[in-house]
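Commentary on secondary and tertiary structure
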Amino acid sequence: LFFINYICNIYNILYKNTNNMRKKIALITGVTGQDGSYLADYLIKKKYFVHGVKRRSSSLNTSRVDHIYQDRFEGKRNFFLHYGDITDAISVSTLIRKIKPDEIYNLAAQSHVSVSFEVPEYTGNADAIGALRILEAIKFHGLENKTKFYQAGTSEMFGKVKEIPQNEKTPFYPRSPYGVAKVYAHWITVNYREAYNIFACNGILFNHESSRRGGTFVTKKIVNALCKIKLGLQKTLYLGNLEAKRDWGHAKDYVFAMWKMLQQKKASDFVISTGKQFTVKQFVNLVLDELKIKYIWKGRGINSKCLIKGTGNKIVSIDKNYFRPLEVDTLLGNSTKAKKELRWKPKYNIKSMVREMVAEEINSLKND
Ligand code: NAP
Ligand code: G4F
């Protein structure tokens, strides 16, 4: 009897260990975007099987994940790309049924605030109802106790801010169709957590940037244009509102926070931010300093312009087309809860982020 007991115990320990050691499976919507690609890099390093959803496009849209792409015929694969679309409930549901992920990160969105004023219905469909489609699929396939869910919420939900700085308890006042859609996604995530006990978290992330940032967001646009100006490839950069204030962090730090949220004992919502704020104009100055360009600002508001000292060459000018029907004037986050409960804090500051973005931009322009 003692011997049988001994064998059973060993078997139990081995069985438990293999189960604990089973590689986790993650599904990332929006894997071809800035955050999706960094998150995929991170999860692959953590030995996950990573499934990413890409949408059909007439031109190639996988450049941010090309470095981790594995051909179907390769032996041991840990990264899988699937066609799908967050506006298509059937594709969402089918992927979740087939993959049965341990963790879903919903990063897919029409993520440009200004564009959301031009395509408000699509933005609502993708950014609001997209989250509902995933949550409903988790419930429909009986995965409430298995699949954890991360929703990519945003500081844009604070919009016309009710207090400074903003934390998890600050009321929302969105100022764009994008912000409004994300508020729906936030509350439907809370609702499914409370109604069906799904482990569902909202990350309320403030602006985060990198060299993988889309070219029409202000930081990447500034870095790209000023680097081209430095190399003699462009004359002038046209911008909109220079006075808007943002709390800018680095995307690599922020995807780590997403993962951390899903590793907690209890699902909750977290503000992720640096707690430091800069205007768009200050961001321009930081990039000019990094490029060692001597400059001088003249005029105010719509008449502002930035000239190269000594030459009078106009390198920054204002184009009123880049102003929005409504602006979010100031965003500043308070991440005390994330620091305490997730033990999260950013590794980058604005200077190290600008340094990296400029270095990578110059490198890529020189290799073009
Ligand atoms: P991004 O670079 O614009 O990436 C968005 C991703 O969503 C892309 O992969 C895009 O595909 C995909 N997508 C768009 N519409 C889709 C659809 N209908 N079906 C499937 N996929 C679709 O955005 P990001 O900066 O990585 O941000 C990731 C998420 O965080 C977004 O939800 C964004 O709203 C949110 N967020 C971002 C920030 C920030 O500062 N970056 C802050 C707070 C919250 P394509 O590559 O084909 O376009
Ligand atoms: O870089 P932006 O377009 O980012 P925005 O609107 O803050 O939104 C980003 O951050 C959100 C988090 O708060 C995300 F949820 C969202 O998905 C996105 O990633 O603009 C930043 C500021 C704005 O005030 C804008 O008016 O820069 C101002 N700006 C001035 N000139 C410009 C420009 N923005 C853009 N895109 N292009 C310009 O020429």
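The structure this text deals with has already been given above.
Report follows, based on the coordinates. This one's a predicted model, so the numbers in the text were calculated from it and none came from an experiment. (Residues numbered from 1 in each chain as written. Chains lettered and ligands numbered in written order. Predicted model: local features only at pLDDT ≥ 70, side-chain atom pairs only at ≥ 80, totals over all residues. Heavy atoms only, no water.)

On to the sheet that holds strand 15 (residues 314-318), then. Judged by pairing direction, the sheet is mixed, and its 4 strands sit side by side in the order 8-15-14-13 without closing on themselves. In this open sheet, the two edge strands, each paired with only one partner strand, are strand 8 (237-239) and strand 13 (295-298). Averaged over all adjacent pairs, the angle separating strand axes in this sheet is 20 degrees, with direction ignored. Here helix 7 (residues 218-230) sits on the sheet in contact with strand 8 and strand 15, set at roughly 160 degrees to strand 8. Contacting strand 8, strand 13, strand 14 (305-308) and strand 15, helix 9 (residues 280-290) runs over the sheet at an angle of about 160 degrees to strand 13. (Pairing = 2+ DSSP bridges. Helix = DSSP H or I, 4+ residues; strand = E, 2+ residues; numbered from the N terminus. Axes fitted to C-alpha atoms, helices over the stretch in contact; angles between N-to-C directions. Contact = heavy atoms within 4.5 Å.)

What follows deals with the packing of aromatic side chains. Going through the model one piece at a time under the given rule, you end up with 10 aromatic pairs. Arranged with centres 5.7 Å apart and planes meeting at 75 degrees, the rings of Y42 and F256 form a pair that is edge-to-face. With Y42 in helix 2 (residues 34-45) and F256 in helix 8 (residues 251-262), the pair connects residues that are 214 residues apart, well separated along the chain. Members of the aromatic cluster, joined through ring pairs, are Y42, F256 and W259. If you follow K148 out to its NZ or CZ, it ends over the ring of F199, 4.5 Å from the centre. Above the face of the F270 ring, K337 is positioned so that its terminal group lies 4.6 Å from the ring centre. (Phe/Tyr/Trp six-rings, centres within 6.5 Å; stacked < 30°, edge-to-face > 60°. Lys NZ or Arg CZ within 6 Å of the ring centre and 35° of its normal.)

The buried count for strand 15 comes to 4 of 5 residues, which makes it a mostly enclosed element. In the sheet, strand 8 pairs with strand 15 via 3 bridges, with the strands oriented parallel. Paired with Y238 across the bridge in strand 15 is S317. As paired strands, strand 14 and strand 15 are joined by 3 bridges and run antiparallel to one another. Bridging across to strand 15, C306 finds its partner in V316. (Buried < 20%, exposed > 50% of the residue type's maximum accessible area, 1.4 Å probe, protein only.)

Running from amino to carboxyl end, helix 5 (residues 120-140) crosses helix 6 (residues 177-196) at an angle of 10 degrees, the nearest separation of the two axes being 8 Å. Overall, the two elements helix 5 and helix 6 adopt an arrangement that is roughly parallel. Facing helix 5, whose interface residues are P120, T123, G124, D127, A128, I129, A131, L132, L135, E136 and K139, helix 6 presents P177, Y178, A181, K182, Y184, A185, I188, T189, Y192 and Y196. Its residues assigned to classes, the contact of helix 5 with helix 6 shows 14 nonpolar, 3 polar and 4 charged. (Parallel < 35°, antiparallel > 145°, perpendicular 65-115°, else oblique. Nonpolar A, V, L, I, M, F, W, Y, C, P; charged D, E, K, R; others polar.)

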